[in-house]
Amino acid sequence: MIRRDFLLRSASAAAVLPLPRAGRALTPQFDEFKAQVSAVQLAPPPYPKTEIWGYDGMMPGPELRIAQGARVQRKLLNALPQASSVHWHGIRIDNAMDGVAGLTQAAVEPGESFDYDFVVPDAGTYWYHAHARSFEQVARGLYGALIVEEAEAPEVDREEVLILDDWLLDPETAQINPDFTSAHSRSHAGRMGNFVATNGQ
Ligand SMILES: [Cu+2]
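What counts, and where the lines are drawn
- Residues numbered from 1 in each chain as written.
- Predicted model: local features only at pLDDT ≥ 70, side-chain atom pairs only at ≥ 80, totals over all residues.
- Helix = DSSP H or I, 4+ residues; strand = E, 2+ residues; numbered from the N terminus.
- Buried ≥ 20, exposed ≤ 12 C-beta atoms within 10 Å, placed from the backbone.
- Pairing = 2+ DSSP bridges.
- Axes fitted to C-alpha atoms, helices over the stretch in contact; angles between N-to-C directions.
- pLDDT = per-residue confidence, 0-100.
- Core = buried A, V, L, I, M, F, W, Y, C linked by C-beta atoms within 7 Å.
- Contact = placed C-beta atoms within 7 Å.

Colleague: Can you break down the overall build of the protein chain residue by residue, with the values?
Modeller: In terms of helices and strands, the protein chain carries 3 helices and 10 strands. Counting from the amino terminus, the protein chain carries its helices and strands in the arrangement α-β-β-β-β-β-β-β-α-β-β-α-β. Among the 201 residues that make up the protein chain, the fraction classed as buried is 30%.

Below, the structure written as structure tokens:
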């Protein structure tokens, strides 16, 4: 049994048997991810790589694909220079797992971890993102797609997950503008960028 077969069967056989999807394996139920500083080729060459903050060093973070009604257990390891937390945007969830630092949980300090554990009751397209200093941490790349699959998938020819983001980059160095002090940007959990990327490209 190859690993992907095992994951599909253990996560929810009922969710994937009716309509196999090309290469769309469900996410393991138990896993961990690390929020960390990384570098990605955001602006095209010859621009250098851009330093970002990402889950598992990726931007966007790993795409999570969960069967409706399944339980998600995911440990956040914080390797960032700031305290952080993960908010599961739009998921009907216990407050204790909602990941809003300072409101539903204490922010996870650098070097510490937090175990998220919840069930996803509704099918749909969601996202997860940092929810501590969101105006900075989301703008640095801490987010990813969260797809909750219904048992009977609609018949489609093709499925693509696209995440759009606008980045405020230094036009000379392609590095993220580090000034996050604007009150307008803070109150809107972000700022207008000068470089638009789809799935980090
Ligand atoms: Cu949100």
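From this point on, the discussion continues.
Colleague: Just give me the short version of the pairing of strand β8 (residues 143–149), but keep the residues and values in it.
Modeller: When a strand is regular, its side chains alternate between the sheet's two faces. Most of β8 sits out of view: 5 of its 7 residues are buried. Pairing of strand β3 (residues 64–67) with β8, which is carried by 4 bridges, proceeds in the parallel orientation. Bridging across to β8, R65 finds its partner in I147. Two strands pair when backbone bridges link them, and strand β7 (residues 124–130) and β8 are joined in this way by 6 bridges, in the antiparallel orientation. Looking at the pairing, W127 lines up with A145 of β8.

Colleague: Please provide a residue-by-residue account of the sheet that holds strand β5 (residues 86–89), values included.
Modeller: Spatially, 4 strands are ordered β3-β8-β7-β5 in an open sheet, and the strand pairing comes out mixed. Of all strands in the sheet, those with a lone pairing partner are β3 and β5, marking the two edges. The average angle at which neighbouring strand axes cross in this sheet is 25°, direction not considered. Direction of pairing for β5 relative to β7: antiparallel, over a ladder of 4 bridges. Within β7, the residue paired with H89 across the bridge is W127.

Colleague: Account for the sheet that holds strand β6 (residues 113–119), naming residues and giving values.
Modeller: Reading across the sheet, the 4 strands line up as β2-β1-β4-β6 and stay open at both edges, with mixed pairing between neighbours. Two strands in the sheet have a free side with no partner beyond their single neighbour: β2 (50–55) and β6. Each strand axis lies, on average, 20° off the axis of its neighbour in the sheet, ignoring direction. Pairing between strand β4 (residues 71–78) and β6: 7 bridges, direction antiparallel. Bridge assignment links L77 to a residue of β6, and that residue is S113.

Colleague: How would you summarise the confidence of the model for the protein chain if you had to cite specific residues and measurements?
Modeller: Across the protein chain, pLDDT averages 88, with 88% of residues at or above 70. Ranking the helices and strands of the protein chain by mean pLDDT puts β2 first, with 98, and helix α1 (residues 3–16) last, with 42.

Colleague: Give me the nonpolar core: which residues, what numbers.
Modeller: A general tendency of soluble globular proteins is for nonpolar side chains to be buried together. Membership of the largest hydrophobic core comes to 30 residues, with the highest contact counts inside it found for A35, I66, L76, V86, Y128, L142 and L146. Looking at this core, the elements with two or more residues in it are β1 (30–40), β2, β3, β4, β5, β7 and β8. With 5 residues, the next largest nonpolar core counts A43, W167, I176 and A197 among its residues.

Colleague: Provide a residue-level description of the environment of D170, including the pertinent values.
Modeller: Note that D170 resides in the loop between β9 (164–167) and α3 (183–187). With 13 C-beta atoms packed within 10 Å, D170 lands in the partly exposed category. Counting along the chain gives 25 residues from D170 to F195, while the straight-line C-alpha distance between them is 9.8 Å. Residues in contact with D170, not counting those within four places in the same chain, are Q175 and N177.

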